[in-house]
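Okay, here's what each chain looks like letter by letter:
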Amino acid sequence: MTLLTFRFAPSPNGQLHLGHAYSALLNQRLAAAAGGRLLLRIEDIDITRCTPEFEAGVLHDLKWLGIGWEEPVRRQSEHFAQYRTVLDRLIAEELVYPAFMSRSEIRAFIAGSEKRGRDWPRDPDGVPLYPPVDKAVPVRERQRRIAENVPFAWRLDMDTAMARASGDLSWTEFTDETLSGTRQVEARPQDWGDVILARRDIPTSYHLAVVVDDALQGISHVVRGQDLFSATGVQRLLQDMLGLPQPGYFHHRLIPGPDGRKLSKSFGDTGLAALRQAGVSPDDVRRLVGIT
Ligand code: GLU
């Protein structure tokens, strides 16, 4: 029998807050209840925003909360060569293309199009979809620009990927915190358009690294915040393209901040370190997030 495997996968680009505490504690509780494994993955591919200091803070906060995990911890920044191999495959299969437009060029293109009376489509986060301009750039011109060090990102050719996808692009979503029931959710990766899968200097993106690592680490259950629910559609498509196994998912409720808004890493007062300094105990945190 294979053990159920859960993971908590924070990005060390700020301090952990109550929302992270809930996610980590829920994963721990579910892993323990199943007699399964809990892995910790440090998602630090953004080497400009992630720092060793934040990572040390994350590890300290988790230990203080009483979270235990298996060693070694997987740190994504140590595995760029692995992601590069997967990216090379996507390049060879012409599923990604180099996208050269700068932010201001994208803005100008969209403004021009909207001036002509056409509402430009936006992704579920409200960000305008990438214009289809660079898909039409001939191979030789692409090579010339890359050789001349024109900045670019590797973007998924969503239309091609969808056309090649196998029929069933759904995922299994658990319906409650105890994972007692499931439903199938239809993935809608097309709502995100041509997402970035890698940068010129960093051979991966959040989506690519997550699906590669979830497969590599044998993750059976991805338990994470509701804010990533629709992004799961893109990850489901990538699993299909790369022939990777599919975990089951549970997207849990988000812990609201004191003003009722979504927590962010810049809310000092719900940061675990600040709460600890104010005399809050790990048991108080459990009570605050409803994991007792
Ligand atoms: N690293 C992501 C974050 O901190 C979570 C990714 C995931 O759980 O799939 O928001």
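Residues numbered from 1 in each chain as written. Predicted model: local features only at pLDDT ≥ 70, side-chain atom pairs only at ≥ 80, totals over all residues. Heavy atoms only, no water.

What to know about the pairing of strand E5 (residues 153-156)
Residues Ala-153 and Arg-155 of E5 are buried on one face, and the alternating residues Trp-154 and Leu-156, pointing to the opposite face, are buried as well. Here strand E4 (residues 96-99) runs beside E5; their pairing, made up of four bridges, is antiparallel. Across the sheet, residue Val-96 finds its bridge partner in E5, namely Leu-156. (Buried < 20%, exposed > 50% of the residue type's maximum accessible area, 1.4 Å probe, protein only. Helix = DSSP H or I, 4+ residues; strand = E, 2+ residues; numbered from the N terminus. Pairing = 2+ DSSP bridges.)

Concerning the pattern of salt bridges
For the coordinates displayed, the defined rule picks out 24 salt bridges. A salt bridge links Arg-145 to Glu-141, with the shortest nitrogen-to-oxygen separation between them at 2.8 Å. With Arg-145 and Glu-141 both in helix H5 (residues 139-147), this residue pair falls four residues apart, about one helical turn. Residue classification places Glu-141 among the partly exposed positions, given a relative accessible area of 22%. Through salt bridges with shared partners, a single network forms among Arg-7, Arg-41, Glu-43, Arg-74, Asp-213 and Asp-214. (Salt bridge = Lys/Arg side-chain N within 4 Å of Asp/Glu carboxyl O.)

Considering the site of the ligand
Taken together, the residues surrounding the ligand are Arg-7, Ala-9, Pro-10, Ser-11, Glu-43, Tyr-206, Arg-224 and Leu-228. Arg-7 is positioned with one of its side-chain polar atoms (N or O) 2.7 Å from an oxygen atom of the ligand. (Near = heavy atom within 4 Å. Polar contact = N/O pair within 3.5 Å; in protein donor to acceptor, adjacent residues only side chain to side chain.)

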